[in-house]
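The primary structure of each chain is shown beneath.
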Amino acid sequence: MGRLQRRVSLAERSGVVVDFEARPVRALAARLMGSGQAMPRARVRLRISGRELQAETGLHGELYLEGVPPGRHAGQSEDGGLRCRFELTVPVQSEVLFDAGDLWCGPS
């Protein structure tokens, strides 16, 4: 989005369409789990169509990602030198935020 504000001056009894160039955002939230507990501050990598998304989980293993298309995606995580793999399934949806729930990360 280029600008958050636009100044518009209208003549009496007229109207105008103002395009803010906003685009919809699709995001997902999840919690990364491993060995029966949340994985705090773990580095996460997800490969999608030749590009790599990277993120770090929060203090309770929470994960937030944008721009993940529908489908099944393989991911991996590293937490204190320990690596694990997980699979993320994103459905075709119309909601802005998809809650993927707990993602279980197993040995790689």
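Preceding this section is the structure that the text describes.
Everything in this summary refers to the structure shown in the same document. (Residues numbered from 1 in each chain as written. Predicted model: local features only at pLDDT ≥ 70, side-chain atom pairs only at ≥ 80, totals over all residues. Heavy atoms only, no water.)

1. Points about the overall build of the protein
- Along the protein, the regular secondary structure elements total zero helices and nine strands.
- Along the chain direction, N to C, the helices and strands of the protein fall in the order β-β-β-β-β-β-β-β-β.
- A globule of 108 residues ought to have a C-alpha radius of gyration of about 13 Å, yet the protein, at 19 Å, is considerably larger.
- C-alpha atoms of the protein, sized along the principal axes, occupy 65 × 25 × 25 Å.
- In the protein, once contacts between residues fewer than 6 apart in sequence are set aside, the share between residues at least 24 apart is 46%.
- Summed over all atoms, the accessible surface of the protein reaches about 7,800 Å², with 50% contributed by carbon and sulfur. (Helix = DSSP H or I, 4+ residues; strand = E, 2+ residues; numbered from the N terminus. Rg over C-alpha atoms; globule rule 2.2 N^0.38 Å. Contact = heavy atoms within 4.5 Å. Areas by Shrake-Rupley, 256 points an atom, 1.4 Å probe, with all protein chains shown as cover.)

2. Overview of the sheet that holds strand S9 (residues 106-107)
- Read across the open sheet, the five strands follow the order S4-S3-S6-S7-S9; overall the sheet is antiparallel. Single-partner strands in this sheet number two, and they are strand S4 (51-56) and S9.
- As paired elements, strand S6 (residues 71-79) and strand S7 (residues 82-90) share nine bridges and run antiparallel to each other. When the bridges of S7 are listed, His73 appears paired with Leu88. (Pairing = 2+ DSSP bridges.)

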